[in-house]
Amino acid sequence: MDAVAEMPAPLVFTDSAANKVKQLIDEEGNTELKLRVFVTGGGCSGFQYGFTFDEMKSDDDTVMEKNGVMLLIVLRISPLGS
């Protein structure tokens, strides 16, 4: 018997968070915006997490969608300062 295990979501994207992001996108007036979440590594304080709006989805993005909002998750760690 072949069983395919589903991987857990890389983070929790709540309805409340999706609704707030949708509100911010609506305020920008650009329906193409998606929220990009990324991690930069290194330094004395460890990992830093960042958020930005982006119109483009990269091939290696992990995508979550909720309430009409697309969340782009960058699973690779970028060097600090890039």
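This structure is a prediction, so every number in the text was calculated from the model and none was measured.

Draft legend 1. Spatial organisation of a nonpolar patch on the surface. On the surface, a nonpolar cluster with roughly 410 Å² of combined accessible area is contributed by Phe47, Tyr49 and Phe51. Along the polypeptide, Tyr49 turns up in strand 2 (residues 48-54). On the basis of relative accessible area, Tyr49 is assigned to the exposed category, the value being 57%.

Draft legend 2. Unusual backbone geometry, seen in detail. Even without being glycine, Asn67 reaches a positive phi, approximately 50 degrees. Within the fold, Asn67 resides in the loop between strand 3 (62-66) and strand 4 (69-79).

Draft legend 3. Summary view of the pattern of salt bridges. One pass over the full model with this rule turns up four salt bridges. The partner of Lys22 in a salt bridge is Asp26, and the shortest N-O contact between them spans 3.6 Å. Separated by four residues within a single helix, Lys22 and Asp26 lie in helix 1 (residues 15-28), roughly one turn from each other. Taking the relative accessible area as the measure of exposure, Lys22 reaches 36% and is therefore partly exposed. Overall, the relative accessible area of 48% leaves Asp26 in the partly exposed class. Among the salt bridges present, the one from Asp54 reaches Arg36, with a minimum N-O distance of 2.9 Å. Here Arg36 lies in strand 1 (residues 34-41) and Asp54 lies in strand 2, a separation of 18 residues in the sequence.

Rules behind the numbers
- Residues numbered from 1 in each chain as written.
- Predicted model: local features only at pLDDT ≥ 70, side-chain atom pairs only at ≥ 80, totals over all residues.
- Heavy atoms only, no water.
- Patch = residues over 30% accessible without salt bridge, like charges linked within 9 Å, V, L, I, M, F, W, Y side chains within 5 Å.
- Areas by Shrake-Rupley, 256 points an atom, 1.4 Å probe, with all protein chains shown as cover.
- Salt bridge = Lys/Arg side-chain N within 4 Å of Asp/Glu carboxyl O.
- Helix = DSSP H or I, 4+ residues; strand = E, 2+ residues; numbered from the N terminus.
- Buried < 20%, exposed > 50% of the residue type's maximum accessible area, 1.4 Å probe, protein only.

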